[in-house]
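Chain and residue survey
So the chains spell out like this:
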Amino acid sequence: MVQQVNDSFTVILLSKGDSPTVFLEANPLLWQGISSDGLTIVPDFKIPANQPVIKPKILSSLQSAYINIIPESDRWWYNDQELTFDANGNVTAPTAYVGLFKRDKVAGTLKVIDNLVSMTNKTPDTIKFEGVIETGGTTTVVSHTIRVQIEEMAGSTYSGQVQLSSTTIDAPDAVITATARLFAAAAEITTGFQVNYYEAVPLSQNPSGWEPFKPGSGKVVTIGAVDVDSRQLFKADFIVNSNVVSTVIFAIYDTQDPYMISMPFKTKYITKDESTTATLSLIDRKTGATVSGVTWEMWHQDTLGRIVDISTPVVNNVVTIKGSDLEQLNNEGEKIGSIRTYITATK
(Lines give C-alpha, C1' and ligand atoms only; values in the text may rest on other atoms or scores of the structure.)
Protein backbone atom coordinates (compact mmCIF):
# COMPACT_ATOMS: atom_id res chain seq x y z
CA MET A 1 0.00 0.00 0.00
CA VAL A 2 1.39 3.41 -0.96
CA GLN A 3 1.61 5.82 1.97
CA GLN A 4 1.97 9.56 1.25
CA VAL A 5 2.95 12.06 3.93
CA ASN A 6 2.90 15.84 3.48
CA ASP A 7 4.54 18.53 5.56
CA SER A 8 6.49 21.76 5.51
CA PHE A 9 9.38 22.83 7.70
CA THR A 10 8.48 22.10 11.31
CA VAL A 11 10.41 20.90 14.36
CA ILE A 12 10.08 17.39 15.78
CA LEU A 13 11.15 16.79 19.41
CA LEU A 14 12.77 13.45 20.20
CA SER A 15 13.33 12.43 23.79
CA LYS A 16 13.95 9.09 25.48
CA GLY A 17 12.37 7.03 22.73
CA ASP A 18 9.29 9.22 22.54
CA SER A 19 8.57 11.95 20.03
CA PRO A 20 6.00 14.30 21.57
CA THR A 21 4.51 16.72 19.07
CA VAL A 22 3.12 19.95 20.53
CA PHE A 23 0.29 21.99 19.07
CA LEU A 24 -1.16 25.24 20.34
CA GLU A 25 -4.76 25.86 19.34
CA ALA A 26 -6.53 29.19 19.78
CA ASN A 27 -10.27 29.58 19.49
CA PRO A 28 -11.82 32.05 18.62
CA LEU A 29 -9.44 33.93 16.32
CA LEU A 30 -6.12 35.01 17.78
CA TRP A 31 -6.12 38.07 15.53
CA GLN A 32 -6.90 41.74 15.97
CA GLY A 33 -7.16 44.69 13.62
CA ILE A 34 -7.12 48.34 14.56
CA SER A 35 -8.23 51.40 12.61
CA SER A 36 -5.61 54.02 11.78
CA ASP A 37 -7.11 56.43 14.32
CA GLY A 38 -7.18 53.74 17.02
CA LEU A 39 -10.91 54.19 17.67
CA THR A 40 -12.00 50.80 16.34
CA ILE A 41 -10.65 47.35 17.24
CA VAL A 42 -11.93 44.04 15.88
CA PRO A 43 -12.55 41.55 17.32
CA ASP A 44 -12.88 43.27 20.69
CA PHE A 45 -11.30 40.96 23.29
CA LYS A 46 -13.10 42.78 26.08
CA ILE A 47 -16.21 40.90 24.93
CA PRO A 48 -16.19 37.38 26.43
CA ALA A 49 -17.46 35.71 23.24
CA ASN A 50 -14.40 37.01 21.37
CA GLN A 51 -11.78 36.00 23.94
CA PRO A 52 -9.36 33.39 22.52
CA VAL A 53 -8.47 30.41 24.66
CA ILE A 54 -5.04 28.97 23.93
CA LYS A 55 -4.89 25.25 24.53
CA PRO A 56 -1.82 22.99 24.28
CA LYS A 57 -2.26 19.54 22.72
CA ILE A 58 0.63 17.11 23.17
CA LEU A 59 0.75 13.95 21.09
CA SER A 60 2.96 11.11 22.32
CA SER A 61 4.17 8.74 19.59
CA LEU A 62 5.21 6.26 22.27
CA GLN A 63 1.65 6.01 23.56
CA SER A 64 -0.05 6.92 20.26
CA ALA A 65 -2.31 9.23 22.25
CA TYR A 66 -2.58 12.73 23.63
CA ILE A 67 -1.08 13.20 27.06
CA ASN A 68 -1.58 15.86 29.69
CA ILE A 69 1.07 17.99 31.26
CA ILE A 70 1.93 17.46 34.90
CA PRO A 71 -0.69 19.56 36.74
CA GLU A 72 0.27 23.21 37.15
CA SER A 73 3.54 22.79 35.26
CA ASP A 74 2.40 25.16 32.51
CA ARG A 75 4.35 28.38 32.03
CA TRP A 76 3.49 31.19 29.62
CA TRP A 77 5.39 34.01 27.92
CA TYR A 78 4.06 37.04 26.08
CA ASN A 79 6.58 38.61 23.70
CA ASP A 80 9.39 36.67 25.42
CA GLN A 81 8.48 37.95 28.89
CA GLU A 82 7.30 35.29 31.31
CA LEU A 83 3.92 35.86 32.92
CA THR A 84 3.39 35.46 36.66
CA PHE A 85 -0.07 34.58 37.99
CA ASP A 86 -1.82 34.66 41.34
CA ALA A 87 -3.91 31.82 42.76
CA ASN A 88 -6.92 32.94 40.72
CA GLY A 89 -5.02 32.91 37.43
CA ASN A 90 -4.69 36.70 37.16
CA VAL A 91 -1.44 38.15 35.80
CA THR A 92 0.63 39.88 38.47
CA ALA A 93 3.80 40.52 36.42
CA PRO A 94 5.10 42.07 34.25
CA THR A 95 3.07 45.08 35.30
CA ALA A 96 2.36 46.10 31.69
CA TYR A 97 0.53 42.82 31.08
CA VAL A 98 -1.73 42.84 34.14
CA GLY A 99 -5.35 42.35 33.05
CA LEU A 100 -4.50 40.94 29.61
CA PHE A 101 -4.59 37.20 30.36
CA LYS A 102 -6.26 34.63 32.58
CA ARG A 103 -4.64 31.29 33.34
CA ASP A 104 -6.63 28.13 34.05
CA LYS A 105 -4.15 25.99 35.97
CA VAL A 106 -6.49 22.97 36.00
CA ALA A 107 -7.03 22.92 32.23
CA GLY A 108 -3.54 24.23 31.49
CA THR A 109 -4.92 26.95 29.19
CA LEU A 110 -4.47 30.68 28.76
CA LYS A 111 -7.30 33.07 27.87
CA VAL A 112 -6.84 36.53 26.36
CA ILE A 113 -9.25 38.79 28.24
CA ASP A 114 -8.34 42.26 26.98
CA ASN A 115 -7.20 43.85 23.74
CA LEU A 116 -3.59 43.24 22.75
CA VAL A 117 -3.60 45.67 19.84
CA SER A 118 -3.21 49.38 20.54
CA MET A 119 -1.89 52.56 18.95
CA THR A 120 1.56 51.56 20.22
CA ASN A 121 1.25 47.87 19.34
CA LYS A 122 0.31 47.34 15.69
CA THR A 123 2.65 44.45 14.85
CA PRO A 124 2.40 40.69 15.51
CA ASP A 125 3.09 39.32 18.98
CA THR A 126 3.99 35.87 20.27
CA ILE A 127 2.68 33.71 23.10
CA LYS A 128 4.89 30.83 24.24
CA PHE A 129 3.82 27.78 26.24
CA GLU A 130 6.01 25.43 28.22
CA GLY A 131 4.96 22.39 30.25
CA VAL A 132 6.28 19.17 31.71
CA ILE A 133 5.06 15.74 30.64
CA GLU A 134 5.86 12.26 31.92
CA THR A 135 6.44 9.70 29.19
CA GLY A 136 8.81 6.83 28.50
CA GLY A 137 9.69 6.63 32.18
CA THR A 138 11.04 10.17 32.34
CA THR A 139 9.86 13.75 32.55
CA THR A 140 10.31 15.98 29.53
CA VAL A 141 9.86 19.71 29.05
CA VAL A 142 7.86 20.58 25.93
CA SER A 143 7.20 24.00 24.47
CA HIS A 144 5.59 25.72 21.54
CA THR A 145 4.94 29.28 20.36
CA ILE A 146 1.86 30.68 18.68
CA ARG A 147 1.70 33.92 16.72
CA VAL A 148 -0.75 36.68 17.61
CA GLN A 149 -1.77 38.32 14.36
CA ILE A 150 -2.04 42.08 14.77
CA GLU A 151 -2.33 44.69 12.03
CA GLU A 152 -3.43 48.22 11.31
CA MET A 153 -6.32 48.48 8.91
CA ALA A 154 -6.89 51.71 7.04
CA GLY A 155 -9.15 52.72 4.18
CA SER A 156 -9.82 49.79 1.86
CA THR A 157 -7.24 47.47 3.45
CA TYR A 158 -8.61 43.95 3.62
CA SER A 159 -7.60 41.18 5.99
CA GLY A 160 -8.97 37.69 5.54
CA GLN A 161 -8.92 35.27 8.46
CA VAL A 162 -9.83 31.58 8.67
CA GLN A 163 -11.26 30.44 11.99
CA LEU A 164 -10.68 26.72 12.61
CA SER A 165 -12.66 24.54 14.99
CA SER A 166 -9.40 22.63 15.52
CA THR A 167 -6.04 22.13 13.84
CA THR A 168 -5.77 18.39 14.44
CA ILE A 169 -7.74 15.38 13.23
CA ASP A 170 -7.64 12.86 16.06
CA ALA A 171 -10.18 10.23 14.97
CA PRO A 172 -11.35 8.69 11.68
CA ASP A 173 -14.70 10.50 11.89
CA ALA A 174 -13.29 13.84 13.10
CA VAL A 175 -14.33 16.86 11.02
CA ILE A 176 -12.76 20.31 11.20
CA THR A 177 -14.77 23.36 10.20
CA ALA A 178 -12.94 26.25 8.55
CA THR A 179 -14.86 29.54 8.55
CA ALA A 180 -13.65 32.47 6.46
CA ARG A 181 -14.05 35.98 7.88
CA LEU A 182 -13.12 39.22 6.12
CA PHE A 183 -12.29 42.54 7.75
CA ALA A 184 -11.72 46.01 6.27
CA ALA A 185 -10.96 49.30 7.98
CA ALA A 186 -11.23 47.47 11.33
CA ALA A 187 -14.78 46.29 10.69
CA GLU A 188 -16.02 42.83 9.77
CA ILE A 189 -17.62 42.40 6.35
CA THR A 190 -20.35 39.78 6.14
CA THR A 191 -21.54 40.22 2.54
CA GLY A 192 -20.12 41.19 -0.83
CA PHE A 193 -17.23 38.74 -0.98
CA GLN A 194 -16.62 35.11 -1.84
CA VAL A 195 -13.99 32.59 -0.82
CA ASN A 196 -12.21 29.93 -2.85
CA TYR A 197 -10.39 27.19 -0.95
CA TYR A 198 -7.37 25.28 -2.29
CA GLU A 199 -5.22 22.38 -1.09
CA ALA A 200 -1.47 22.14 -1.57
CA VAL A 201 -0.41 19.47 -4.08
CA PRO A 202 2.98 18.40 -5.53
CA LEU A 203 4.15 20.27 -8.58
CA SER A 204 3.94 17.01 -10.52
CA GLN A 205 0.19 17.20 -9.95
CA ASN A 206 -0.27 20.92 -10.60
CA PRO A 207 2.49 23.41 -11.57
CA SER A 208 0.97 26.06 -9.31
CA GLY A 209 1.25 23.87 -6.21
CA TRP A 210 -2.49 24.24 -5.53
CA GLU A 211 -5.76 22.65 -6.61
CA PRO A 212 -9.33 23.69 -5.77
CA PHE A 213 -10.63 22.15 -2.56
CA LYS A 214 -14.35 21.40 -2.41
CA PRO A 215 -15.37 24.12 -4.91
CA GLY A 216 -18.64 25.81 -4.17
CA SER A 217 -18.38 25.33 -0.40
CA GLY A 218 -18.72 29.06 0.19
CA LYS A 219 -17.23 30.68 3.27
CA VAL A 220 -17.37 27.50 5.37
CA VAL A 221 -15.61 24.29 4.38
CA THR A 222 -15.27 21.00 6.24
CA ILE A 223 -12.01 19.02 6.40
CA GLY A 224 -11.90 15.35 7.37
CA ALA A 225 -9.32 12.61 7.78
CA VAL A 226 -9.66 11.65 4.10
CA ASP A 227 -8.47 15.14 3.15
CA VAL A 228 -5.22 15.14 5.18
CA ASP A 229 -2.05 13.04 5.01
CA SER A 230 -0.07 13.79 8.18
CA ARG A 231 -0.01 17.56 7.53
CA GLN A 232 -1.93 19.30 4.78
CA LEU A 233 -1.66 22.92 3.71
CA PHE A 234 -4.77 24.79 2.59
CA LYS A 235 -5.26 28.24 1.11
CA ALA A 236 -8.24 30.58 1.15
CA ASP A 237 -8.51 33.35 -1.43
CA PHE A 238 -10.89 36.17 -0.51
CA ILE A 239 -12.46 37.77 -3.58
CA VAL A 240 -14.14 41.17 -3.88
CA ASN A 241 -15.33 42.42 -7.27
CA SER A 242 -13.49 39.57 -9.00
CA ASN A 243 -10.18 40.55 -7.34
CA VAL A 244 -8.27 38.54 -4.72
CA VAL A 245 -7.96 41.00 -1.82
CA SER A 246 -6.48 38.66 0.79
CA THR A 247 -4.95 35.20 0.99
CA VAL A 248 -4.65 32.95 4.05
CA ILE A 249 -2.58 29.75 4.21
CA PHE A 250 -3.22 27.34 7.08
CA ALA A 251 -2.26 23.81 8.10
CA ILE A 252 -4.28 20.85 9.34
CA TYR A 253 -2.61 17.85 10.99
CA ASP A 254 -3.81 14.24 10.98
CA THR A 255 -2.27 12.75 14.11
CA GLN A 256 -3.49 9.24 13.26
CA ASP A 257 -1.07 8.68 10.39
CA PRO A 258 1.65 6.09 11.12
CA TYR A 259 4.47 8.20 9.68
CA MET A 260 5.73 11.74 10.15
CA ILE A 261 8.43 13.80 8.49
CA SER A 262 11.31 14.78 10.77
CA MET A 263 13.21 18.02 10.08
CA PRO A 264 16.02 19.83 11.90
CA PHE A 265 14.10 23.08 12.35
CA LYS A 266 10.70 24.73 12.00
CA THR A 267 11.87 28.24 11.19
CA LYS A 268 15.38 29.37 10.43
CA TYR A 269 16.59 32.97 10.06
CA ILE A 270 19.54 33.68 7.77
CA THR A 271 21.23 36.77 6.35
CA LYS A 272 21.74 37.37 2.64
CA ASP A 273 25.28 35.92 2.90
CA GLU A 274 24.24 32.75 4.73
CA SER A 275 22.61 29.48 3.75
CA THR A 276 20.81 26.73 5.62
CA THR A 277 20.46 23.03 4.85
CA ALA A 278 17.67 20.72 5.97
CA THR A 279 18.08 16.97 5.82
CA LEU A 280 14.71 15.24 6.07
CA SER A 281 13.72 11.78 7.19
CA LEU A 282 10.50 9.81 7.44
CA ILE A 283 9.86 8.51 10.95
CA ASP A 284 7.60 5.75 12.25
CA ARG A 285 5.48 7.48 14.91
CA LYS A 286 5.27 4.44 17.18
CA THR A 287 8.86 3.21 17.08
CA GLY A 288 10.76 6.36 16.25
CA ALA A 289 12.70 4.42 13.59
CA THR A 290 13.73 5.98 10.29
CA VAL A 291 11.78 4.58 7.35
CA SER A 292 13.77 3.60 4.26
CA GLY A 293 12.77 3.45 0.59
CA VAL A 294 11.15 6.90 0.55
CA THR A 295 10.59 9.02 -2.55
CA TRP A 296 10.81 12.74 -1.89
CA GLU A 297 9.27 15.68 -3.73
CA MET A 298 9.73 19.29 -2.63
CA TRP A 299 8.64 22.67 -3.91
CA HIS A 300 8.87 26.22 -2.66
CA GLN A 301 6.42 29.10 -2.30
CA ASP A 302 6.36 32.69 -1.10
CA THR A 303 4.01 33.98 1.59
CA LEU A 304 1.16 34.28 -0.93
CA GLY A 305 1.53 30.69 -2.08
CA ARG A 306 3.24 31.48 -5.37
CA ILE A 307 5.92 29.11 -6.70
CA VAL A 308 9.52 30.31 -6.39
CA ASP A 309 12.80 28.72 -7.47
CA ILE A 310 15.92 28.19 -5.37
CA SER A 311 19.50 28.25 -6.62
CA THR A 312 20.64 24.88 -5.19
CA PRO A 313 18.89 21.80 -6.59
CA VAL A 314 17.13 19.54 -4.09
CA VAL A 315 18.85 16.16 -3.89
CA ASN A 316 16.68 13.34 -2.53
CA ASN A 317 15.96 14.38 1.06
CA VAL A 318 18.32 17.36 1.31
CA VAL A 319 17.34 20.97 0.57
CA THR A 320 19.55 24.06 0.80
CA ILE A 321 18.22 27.61 0.79
CA LYS A 322 20.54 30.59 0.44
CA GLY A 323 20.07 34.17 1.54
CA SER A 324 20.25 35.18 -2.11
CA ASP A 325 17.14 33.06 -2.73
CA LEU A 326 15.25 35.28 -0.29
CA GLU A 327 16.30 38.40 -2.19
CA GLN A 328 14.38 37.39 -5.29
CA LEU A 329 11.78 39.92 -6.36
CA ASN A 330 8.09 39.04 -6.42
CA ASN A 331 5.52 40.18 -8.95
CA GLU A 332 5.23 43.48 -7.09
CA GLY A 333 8.99 44.15 -7.35
CA GLU A 334 9.67 43.52 -3.65
CA LYS A 335 12.04 41.02 -2.06
CA ILE A 336 10.11 37.85 -1.25
CA GLY A 337 11.85 37.70 2.13
CA SER A 338 10.52 34.26 3.01
CA ILE A 339 10.40 30.81 1.41
CA ARG A 340 8.31 27.94 2.67
CA THR A 341 9.37 24.50 1.50
CA TYR A 342 6.65 21.89 1.09
CA ILE A 343 7.43 18.20 1.17
CA THR A 344 5.72 15.04 0.00
CA ALA A 345 7.23 11.75 1.13
CA THR A 346 5.93 8.61 -0.56
CA LYS A 347 6.63 5.18 0.88
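The structure this text deals with has already been given above.
Attention in this report is confined to the structure presented alongside it.

Quick notes on the rules
- Residues numbered from 1 in each chain as written.
- Predicted model: local features only at pLDDT ≥ 70, side-chain atom pairs only at ≥ 80, totals over all residues.
- Heavy atoms only, no water.
- Helix = DSSP H or I, 4+ residues; strand = E, 2+ residues; numbered from the N terminus.
- Rg over C-alpha atoms; globule rule 2.2 N^0.38 Å.
- Buried < 20%, exposed > 50% of the residue type's maximum accessible area, 1.4 Å probe, protein only.
- Contact = heavy atoms within 4.5 Å.
- Areas by Shrake-Rupley, 256 points an atom, 1.4 Å probe, with all protein chains shown as cover.
- Lys, Arg positive; Asp, Glu negative; His and termini not counted.
- Charge placed at Lys NZ, Arg CZ, Asp CG, Glu CD.
- Phe/Tyr/Trp six-rings, centres within 6.5 Å; stacked < 30°, edge-to-face > 60°.

1. A closer look at the overall build of the protein chain
Broken down by element type, the protein chain carries 1 helix and 29 strands. The globule rule puts the C-alpha radius of gyration for 347 residues at 20 Å, and the 21 Å found for the protein chain is close to it. Seen through its C-alpha atoms, the protein chain measures out along the principal axes to roughly 55 × 55 × 45 Å. The burial tally for the protein chain puts 48% of its 347 residues in the buried class. Within the protein chain, contacts between residues separated by at least 24 positions form 63% of all contacts whose residues are at least 6 apart in sequence. Only carbon and sulfur atoms are counted for the fraction: they give 49% of the accessible area of the protein chain, which is about 16,400 Å². With 27 positive and 37 negative side-chain charges, the protein chain shows a separation of 3 Å between the mean positions of the two kinds.

2. Quick word on the environment of Pro94
Within the secondary structure layout, Pro94 lies in the loop between strand 10 (91-93) and strand 11 (101-104). In this structure, the C-alpha to C-alpha distance between Pro94 and Glu82, residues 12 residues apart in sequence, is 7.7 Å. The contacts of Pro94, once residues within four sequence positions are left out, are Gln81, Glu82 and Leu83.

3. Concerning the packing of aromatic side chains
Under the defined criterion, the tally for this structure stands at 10 aromatic pairs. Their ring planes at 65° and their centres at 5.0 Å tell us that Tyr78 and Phe101 sit as a pair that is edge-to-face. Of the two residues, Tyr78 sits in strand 7 (residues 75-78) while Phe101 sits in strand 11, which places them 23 residues apart along the sequence. Relative accessible area serves as the criterion here: at 3%, Tyr78 is assigned to the buried category. Ring centres of Phe213 and Phe234 lie 4.9 Å apart, and the angle between their planes is 65°; this geometry places the pair in the edge-to-face category. Here Phe234 lies in strand 22 (residues 231-240) and Phe213 lies in the loop between strand 20 (210-212) and strand 21 (220-224), a separation of 21 residues in the sequence. Judged by its relative accessible area of 4%, Phe213 is buried.

4. Comments concerning unusual backbone geometry
The residue after Asn27, namely Pro28, is reached through a cis peptide bond having omega 5°. Within the secondary structure, Pro28 sits in the loop between strand 2 (21-27) and strand 3 (31-35). Omega for the peptide link from Ala93 to Pro94 comes to -5°, which places this bond in the cis form. Within the chain, Asn241 stands out as a residue other than glycine whose phi angle is a positive 50°. Tracing the sequence through the fold places Asn241 in the loop between strand 22 and strand 23 (243-254). Backbone geometry places Ser242, a non-glycine residue, at a positive phi of 70°. The topology assignment puts Ser242 in the loop between strand 22 and strand 23.

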